Amino acid sequence: MGSVELKQLKKDFSGVTVLQNIDLDIKEGEFFALLGPSGCGKTTTMRCIAGFETATSGTIEIGGKDVAKLSPNARNCGMVFQSYALFPHMNVFDNVAYSLNIKELKKNNLFKKFGVYTRMLNSKLVKYPKEIKEKVNNILEYVELSDHAYKLTSELSGGQQQRVALARALVMEPEVLLMDEPLSNLDLKLRHTMRNTIRRIQQELKITTIFVTHDQEEAMSMADRIAVMKDGEILQVGTPTDLYSNPKTPFIADFVGTSNIIPGTVVARENGLTTVRIGEQQMIKSATQTEQDDVKAIIRPENLTVIGEENESFDNTFEGEILFATYLGSTVRYDIEVEGHKLVVDTTYESGNQIRQEGSKIKLGVLPERVLLI
Ligand SMILES: Nc1ncnc2c1ncn2[C@@H]1O[C@H](COP(=O)(O)OP(=O)(O)OP(=O)(O)O)[C@@H](O)[C@H]1O
């Protein structure tokens, strides 16, 4: 139960293909992120899984069961959106109890008899069944909102409202939790706190979670695995460390973290090293073996080392000029020009260190193992 499998999923809108050949195998209990730029098809993928869109072709299985013909309600997916979509005139408890109530009324065929509205809209007037009360209180504890249960949702902060939305999805005990950019409306600090909250709850409940985001840092810090999407296709699936250290394309190298991407031509292959010409004078050696001649050398900013007088033991050295120096607290980022290429270098900053001047010369080194050729 709880796994999600997409096979050759395709979606057209009025003849325009927005998803093509999507294959995904999301394991039970996994925290899986769909990451990609705006318009690449993340939300459409999610909506196909939830049943709000019908796929043009391909299959979707949840818990090993083909769900193509099932309505969204029958798919047992909980959804959390960027806009919290709460009922502002109801308190937190009532918002979270809402769907449980409907389910119970339907089950007992009480809709007509009592009317939905009197029964479920105000916990001050209504006596909830014990089971519903317990479930709601339990989930409010998980999201740390027990103390706010009887506040109107309009009286809550953004982060608290998003936790109500999360509680409302989780209280239904869904097989799969689908979250579409749930943190986008929060300020930076709150977003960081909410990342941890969501990850903690996901781990405790072990609920299969699919999380849509265009923010690579968010995906990297929360997900077990990430699918990087572009133009309706999946380019690569992997753990955060896989994607960071072995991006398959320059797009991924650039989208997942920051990369220096330097085009060049292979001029020699010897002793396990590939030599690439990247400028008139400048060569770079890489430990990547490749048969291609036109390549892109990918170097992460933290893998470039500033070389002082005493340290000359790099296979690769470059001399350049500092264009900008940006002090970022624990690091200093230098933008450097080397033979017409703009490189970014991250160096750790310890208090008392001198920050190098813009316009000054700098010497850099990088190990061949840290130069990836794509
Ligand atoms: N109902 C629709 N009718 C027509 N085109 C649509 C519809 N829904 C989405 N699209 C198109 O499908 C493409 C993918 O949209 P989708 O919302 O899935 O992207 P996304 O990656 O989630 O983007 P964002 O991060 O901006 O939300 C876009 O080009 C969009 O314009």
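Look up a bit, the structure's there.
Residues numbered from 1 in each chain as written. Predicted model: local features only at pLDDT ≥ 70, side-chain atom pairs only at ≥ 80, totals over all residues.

1. Some points on the overall build of the protein
The condition that has to hold: Under the DSSP-based scheme used, a helix requires at least four consecutive residues in state H or I and a strand at least two consecutive residues in state E, with every element numbered from the N terminus. Working definition of burial: number of other C-beta atoms within 10 Å of the residue's own, with buried at 20 or more, exposed at 12 or fewer, and partly exposed in between, all C-beta atoms being placed from the backbone.
Counting its regular elements, the protein contains 10 helices and 20 strands. Expressed as lengths along the three principal axes of its C-alpha atoms, the size of the protein is roughly 85 × 50 × 35 Å. Counting across all 374 residues of the protein, residues that qualify as buried make up 34%.

2. A closer look at the sheet that holds strand β20 (residues 372-373)
Which entries qualify depends on this criterion: By definition, two strands form a pair when at least two bridges between them are found by DSSP.
The five strands are arranged β13-β12-β11-β14-β20 in an open sheet whose pairing can be described as antiparallel. Of all the strands in the sheet, the pair left with one neighbour each is β13 (283-286) and β20. The pairing of strand β12 (residues 273-277) with β13 spans four bridges and is classified as antiparallel. Bridging across to β13, threonine 275 finds its partner in lysine 285.

3. Regarding helix α5 (residues 130-142)
Which entries qualify depends on this criterion: For a helix, the expected span equals 1.5 Å multiplied by the residue count minus one. Directions are taken from the helix axis to each C-beta atom, and the arc is the one they span.
The first and last C-alpha atoms of α5 sit 19 Å apart over 13 residues, in line with the 18 Å expected at 1.5 Å per residue. Restricting attention to buried positions, one finds in α5 the residues Val136, Ile139 and Leu140. Buried residues of α5 fall within an arc of 105° about the axis and therefore sit on the same side. Those residues of α5 that are exposed and aimed more than 90 degrees away from the buried face are Lys130, Glu131, Glu134 and Glu141. Immediately downstream of α5, the backbone of glutamate 144 shows phi near 55°, a positive value.

4. Regarding the site of the ligand
The following threshold applies: Only the C-beta atom matters for nearness: placed from the backbone, it must lie within 6 Å of the molecule or strand for the residue to count as near. The residue classification treats Ala, Val, Leu, Ile, Met, Phe, Trp, Tyr, Cys and Pro as nonpolar and Asp, Glu, Lys and Arg as charged. All others, Gly included, are polar.
As a matter of local geometry, the ligand sits amid Phe13, Val18, Gly36, Ser38, Gly39, Cys40, Gly41, Lys42, Thr43, Thr44 and His214. It is helix α1 (residues 42-50) that provides the largest number of residues to the shell around the ligand, a total of three residues. Residues of the shell around the ligand, tallied by class, amount to three nonpolar, seven polar and one charged.

5. Some details on the nonpolar core
Rules: What we call a nonpolar core is a set of buried Ala, Val, Leu, Ile, Met, Phe, Trp, Tyr and Cys residues whose membership is set by joining through C-beta atoms within 7 Å. Throughout, a pair of residues is in contact if the C-beta atoms placed from their backbones lie within 7 Å.
Ranked by size, the top nonpolar core spans 87 residues in total, and within it Val96, Ala167, Leu178 and Ile210 carry the most contacts. For this core, the element with the highest residue contribution is helix α6 (residues 158-170), accounting for six residues. Beyond its immediate stretch of four places on either side in the chain, alanine 167 contacts Val96, Ile139, Leu140, Val143 and Leu145.

6. Focus on the sheet that holds strand β8 (residues 208-213)
Here is the rule we go by: Lines fitted to C-alpha atoms define the axes, with helix axes restricted to the stretch in contact, and inter-axis angles between N-to-C directions lie between 0 and 180 degrees.
The mixed open sheet is built from six strands, whose spatial order is β6-β7-β8-β3-β9-β10. With partners counted over all chains shown, the strands left at the sheet margins are β6 (77-80) and β10 (233-238), one partner each. In this sheet, adjacent strand axes meet at a mean angle of 20° when their direction is disregarded. Pairing of β6 with strand β7 (residues 176-180), which is carried by four bridges, proceeds in the parallel orientation. Within the sheet, the bridge partner assigned to glycine 78 lies in β7 and is leucine 177.

7. Notes on helix α7 (residues 188-205)
The terminal C-alpha atoms of α7, which comprises 18 residues, lie 26 Å apart, in line with the 26 Å expected from a rise of 1.5 Å per residue. Phi turns positive one or two residues past the end of α7, at lysine 206, with a value near 50°.

8. Quick look at the packing of α6 against α7
Rules: The labels follow the angle: roughly parallel below 35 degrees, roughly antiparallel above 145, roughly perpendicular from 65 to 115, and oblique for the rest. Crossings are sorted by hand: turned counterclockwise from the far helix by less than a right angle, the near helix makes the crossing left-handed, and turned clockwise it makes it right-handed.
The N-to-C vectors of α6 and α7 enclose an angle of 20°; their axes lie 11 Å apart at closest approach. Considered as vectors, α6 and α7 are oriented roughly parallel to each other. α6 and α7 meet at a crossing whose hand is right-handed. Residue-level inspection shows Gly158, Gly159, Gln162, Arg163, Leu166 and Leu170 of α6 in contact with α7, the latter providing Leu190, Thr193, Met194, Thr197, Ile198 and Leu205. Here the contact of α6 with α7 is composed, by residue class, of six nonpolar, five polar and one charged.

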